[in-house]
Structures are given as structure tokens and as C-alpha cells.
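Residue-level structure breakdown
Spelled out, the chains give:
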Amino acid sequence: MKTTLIYVCSKCDAQSPKWSGRCLSCGSWGTVGKDPIVPDVPSSQTSHVPHAPGKTETFDALNTASTQRLMPTLFEALDTVLGGGLVHGSATLIAGEPGMGKSTLLSQVALAMATKGQKILFITGEESPAQIHLRLSRLSNNVPGQLSYLDDTRVEIIAATIEAEKPDLAIVDSIQSLTTEQASGEAGNVSQVKACAALLTQTAKKTGVPIILVGQVTKDGDIAGPRILEHVVDTVLSLEGDKLHRFRVLRAIKHRFGSTDETALLDMNESGLKIIVDPSQALLDSRAMTAAGSAVGCVLEGRRPLLVELQALVTAAGYSAPVRKANGFDASRLNMLLAVLTRHAGIQVYDKDVFANAAGGLSVRDPGADLALAAAIASAVRNKPIDPKTAFFGEIGLTGELRPVALPELRIKEIIRMGFKTIVCPPLKNLPTNNGVEIIQCKTVKEALG
Ligand SMILES: Nc1ncnc2c1ncn2[C@@H]1O[C@H](COP(=O)(O)OP(=O)(O)OP(=O)(O)O)[C@@H](O)[C@H]1O
Ligand SMILES: [Mg+2]
């Protein structure tokens, strides 16, 4: 039988018998892989041999005590985000853009655990063992003997080694560098990544060894190309930040064994990544207190409230079309806010260039940051600084209304803790009393910026 090769889109996994520059299914450009692969045989084409039924068991006969036990990684940020540590036999993916510090973080985990006598196996696919040794020596004066490596990229050999050695933790850096006999094409293509991750996840379950996989994030923000990888593993963590800044955020995107609400803010320097104990303090450290165009907002990272300085620069656009640039925000959210400010708050920006920035290189996704950003823009337009002891939170709707946001009590508590005296926010149901701050509740953005 003649086998037809197929081309796979790395974004939506759509398959096509012909290569094209644009995926016909999701419409993305340049996502269809240039290397064709052999498709899996559809089950309808396989012969239907009758099978003997499987043996069913009852759950109460299962001994799950060892699976439930958490193994602390001894790296505070990772343990915080994982809710205590790694679950035995789990597969965890750490994703992040190149240079974000994934290898550094895992080297620190390996060093901390090996120093305490645990056996760690490093699978070095991406970098040479010498490069990894160099990093380990930079991060610690003593590279413990408990730390070993396997310099191989064939996933079957890796799985067999994990089964034979049974380390306390196996670290695979990275999943894109591995290959399997079960899939065709080069390392890093959709079917290779999928099959390698599936085999390693099975190995983790079979041996009880927790495995951490490193996954690269593509330009579009997808992990290792296909999103399917996120379904294969138990936990997906993301290390994010701006490479030009020191701060990184470690957050859980998916966690089968706990909440995804915990995040950790880390500081990256030559001695590695270090958890920041007081993130709000660190983010507000270099704040311009008296400059126009700066406002402090309280945003949520998971369930953790953070105070961030939001900045805006507004200048005349001249004869060209106005420029709108957002750094640390969604650009379309900035455009929407500018339209609302023009239409409902009397702040004219249609003929102005607007640049907005979240200080510290943080990526702000919480819509609760809307009001602070609007305040920064209004302050820049009016060239009038905002009182440095005032903080904002609230989502702005298309009709100019201020909408309630999640966990206002936690936000207010954090704002008070950081010594602010005035809070501008949407109407609250339960107003905290006796806290020494003035809480100004507003129904509309116009009222709030008045
Ligand atoms: N000698 C050094 N001193 C200070 N910082 C360094 C040093 N070497 C590397 N770094 C920092 O570490 C970062 C790279 O970290 P790391 O290799 O852990 O990232 P990564 O996420 O694993 O990247 P990749 O995806 O390319 O493997 C660099 O961007 C740099 O900021
Ligand atoms: Mg790396």
C-alpha cells in the first residue's frame, strides 16, 4: 500500500497532504512544518481482531500512599508554585522563551536536592555536559557526586536508563532535542515531541520517578509547538519575564495535583534565580514618585496581589498616524482603553502617540490594572503627577463603567501594607473599616479620573 506523507501545523496540529505557507485550518503563517511525516494508520484501516476483556480492579485495593507523598525540590519558588513539591511519578513541563532561565532554575533544583543526598539524573540534550558543568560550577562552589548526567537524545535509551537507575529526580533539557523510533522526522517536530513526551510520562508513572521536561516556547507563545504537549504531562509551569529585566514570574498553567493560583516572583542575576520575598516592594523600588504619567495599580498574579507601577507617555503624533505601543500589556487592551477614555472620560488622545509600560518588565494580564493604566494616561495627558500615596484597581467596561474585580479585600490589604493612603476602585460590597486609608469608590472611569 502506498503511504501518503502529511504536513502538520505546529499551532493547531492540522494535517495536510500538501505543504503551504499558511495553515488552511487555523490561518497562521509559517506554522506548517517543512518536513512531511508518515501519518498514523486510522483505526478503521486496522484489522479487528477480537480481544480478551481486561481485568477490572477496585480503587480501594490500590495503595496510593507513595504517590500522594510530595517530594520537596528544596527550591522555594518551585515548591511554592507546586504546592509543596513534586508528586512521585509525575511529569512536569517547564516552558519559557529562550534565555529565560529554565536551565538555571533546574540546575539550582538539582544542586539543592543533590546536596541533601538525593540522586539526580540530568539528561543533556540541548547543551553539552561541559556547558552544564560550567553553569553548575557558577551556581555552586561544590557540584555534588549525587548529580549525574546522560548524554543521549534517544528517548528509548533515556527511558531505559531512568528505569534502571531509578533516580530521585530526572531532568530532561529539552524535550525538543529528543528523538524516538516511534515517529519520523527530525527532533523537535510535532510527532517527535508528542511521542517523546508520551514515553517519558509513561516512564514516570511506571517507575515513580518524577521527571521534569524543559519545553521551548515558540514566537506565538505556544509550548514546544503543539499544544497537545500540555495534555500529555501532569503539570505545566511557565517561566516568564522580559529578558532585559531581572524579574521572572514562575506560574502554574496546569497542575493535576493542586491549585494553579500560586505564583512566585524571582530575581535573576549571575548567582541564579532567587525568590523575591516582598514582590510589591521590589516592583515599586525605583518608582518615579513625582513624574506625570505614573500610577500604581494592584494586580493579581494567581491569588497573590502585587503593586505595580504603570507608566504612560503621551506626545503629539504630528502628521503621521498615531503610534500606540504597549510593553507588558495586551496592545488591543490599550487601544480599547484609549477609545473609552476619549469617548467617556473626555481625555483626547486620538491625535497623540501613546506608549504604555509596566515597570520591571512584568507582563500584566489582570483587567484590574485598567484603572491604574487609565490614570497613568490621564496624568500624562494633563501633565499632572498623581499623589504618590494613591493606588488604583478596577476593570473598565466599554461604556466607561468601572467593573468589580476578583479579590478586592486582598488587594486593599496589600495596598495598605505598602503604606498607601488613598485607594480608587469600583463600588465594593463589603467596605473594610478602621484601616487608616481613604477608599474612593467610583462608578465610572470619568468619576475616578476626576
Ligand atoms: N555568567 C553569567 N552571569 C550572569 N548571568 C548569566 C550568565 N550566564 C548566563 N546568564 C543569564 O542566564 C540566562 C540564560 O539562562 P538559561 O540558560 O538558564 O536560560 P534557558 O531558559 O535555559 O535558555 P535556553 O532556552 O536558550 O536554553 C541568560 O539570558 C543570562 O541572563
Ligand atoms: Mg536552557
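Computed from a predicted structure; not experimentally measured. (Residues numbered from 1 in each chain as written. Chains lettered and ligands numbered in written order. Predicted model: local features only at pLDDT ≥ 70, side-chain atom pairs only at ≥ 80, totals over all residues. Heavy atoms only, no water.)

1. Some thoughts on the nonpolar core
- Of all hydrophobic cores here, the largest spans 47 residues; its most connected members are Ile377 and Val445.
- Considering every element that reaches this core, the biggest residue donor is helix 10 (residues 370-382), with nine residues.
- Shared between two domains, this core holds at least three residues of each, these being domain 2 (70-276) and domain 3 (281-449).
- Not counting residues within four places of it along the chain, the set of residues in contact with Val445 comprises Val340, Leu341, Ala345, Leu371, Ala374, Ile396, Gly400 and Leu402.
- The next biggest cluster of nonpolar side chains, apart from the first, holds 34 residues, and it includes Ala77, Leu111, Phe122 and Leu266. (Core = buried A, V, L, I, M, F, W, Y, C linked by side-chain atoms within 4.5 Å. Buried < 20%, exposed > 50% of the residue type's maximum accessible area, 1.4 Å probe, protein only. Helix = DSSP H or I, 4+ residues; strand = E, 2+ residues; numbered from the N terminus. Domains from an automatic or database assignment. Contact = heavy atoms within 4.5 Å.)

2. A closer look at the domain arrangement of the chain
- Splitting the chain by domain gives domain 1 (1-40), domain 2 (70-276) and domain 3 (281-449).
- Look at where the C-alpha atoms of domain 2 and domain 3 centre, and you get two points 36 Å apart.
- The interface is formed by eleven residues belonging to domain 2 together with ten residues belonging to domain 3.
- In this assembly, domain 2 packs against domain 3 so that about 1,100 Å² is buried in total across both faces, 52% of it on carbon and sulfur atoms. (Buried area = accessible area lost by both parts, 1.4 Å probe.)

3. Some remarks on the site of ligand 1
- Around ligand 1 there are 14 residues in total, and Gly99, Gly101, Lys102, Ser103 and Thr104 lie nearest to it.
- In this structure, an oxygen atom belonging to ligand 1 sits 3.2 Å away from a main-chain N or O atom of Met100.
- Between ligand 1 and the protein, one listed contact pairs an oxygen atom with a side-chain N or O atom of Gln216 at 3.1 Å.
- Burial of ligand 1 by the protein amounts to 63% of the accessible area it has alone, namely 640 Å². (Near = heavy atom within 4 Å. Polar contact = N/O pair within 3.5 Å; in protein donor to acceptor, adjacent residues only side chain to side chain. Areas by Shrake-Rupley, 256 points an atom, 1.4 Å probe, with all protein chains shown as cover.)

4. Details of the sheet that holds strand 9 (residues 211-216)
- The nine strands lie next to each other as 7-6-8-9-5-10-11-12-13, forming an open sheet whose pairing is mixed. This sheet does not close on itself; its edge strands, each paired only once, are strand 7 (147-150) and strand 13 (272-275). Recorded for the sheet is a direction-independent mean angle of 25 degrees between the axes of neighbouring strands.
- This element, helix 3 (residues 102-115), spans strand 5 (91-96), strand 6 (120-124), strand 7, strand 8 (169-173), strand 9, strand 10 (235-241), strand 11 (247-255), strand 12 (263-269) and strand 13 of the sheet and lies at about 155 degrees to strand 6.
- Sheet contacts for helix 4 (residues 129-139): strand 6, strand 7 and strand 13; angle to strand 6, the most-contacted strand, approximately 130 degrees. (Pairing = 2+ DSSP bridges. Axes fitted to C-alpha atoms, helices over the stretch in contact; angles between N-to-C directions.)

5. Structural notes on the sheet that holds strand 22 (residues 438-441)
- Taking strand neighbours across the sheet as the criterion, the seven strands line up as 16-17-15-14-18-21-22 in an open arrangement whose pairing is mixed. The open sheet has two edge strands with one neighbour each: strand 16 (324-327) and strand 22. Between one strand axis and the next, the sheet turns through 25 degrees on average, direction left out of account.
- In this sheet, strand 17 (residues 352-358) lies alongside strand 16 in parallel orientation, the contact comprising four bridges. Along strand 17, the bridge assignment pairs Asn327 with Asn357.
- Strands in contact with helix 9 (residues 331-344) are strand 16 and strand 17; relative to strand 16, the strand with the most contacts, it is inclined by about 125 degrees.
- Each of strand 14 (294-301), strand 15 (304-316), strand 17, strand 18 (390-392) and strand 21 (422-425) touches helix 10; the most contacted strand, strand 15, lies at about 30 degrees to it.

6. Description of the pairing of strand 12
- For strand 12, the tally of buried residues reaches five of seven residues, placing the bulk of the element in the interior.
- As judged from the five bridges shared by strand 11 and strand 12, these two strands associate in the antiparallel manner. When the sheet's bridge partners are listed, Val249 is paired in strand 12 with Leu265.
- With four bridges joining them, strand 12 and strand 13 adopt antiparallel strand pairing. Directly across from Asp267, in strand 13, lies its bridge partner Lys274.
- Linking strand 12 back to strand 13 in an antiparallel pair, the connection comprises two residues.

7. Focus on the pairing of strand 21
- Residue alternation in strand 21 divides its side chains into two sets, Thr422 and Val424 and Ile423 and Cys425, and both sets are buried.
- In terms of strand pairing, strand 18 meets strand 21 through three bridges, oriented parallel. Paired with Thr390 across the two strands is Thr422, which belongs to strand 21.
- As judged from the four bridges shared by strand 21 and strand 22, these two strands associate in the parallel manner. Bridge pairing in strand 22 links Cys425 to Gln441.

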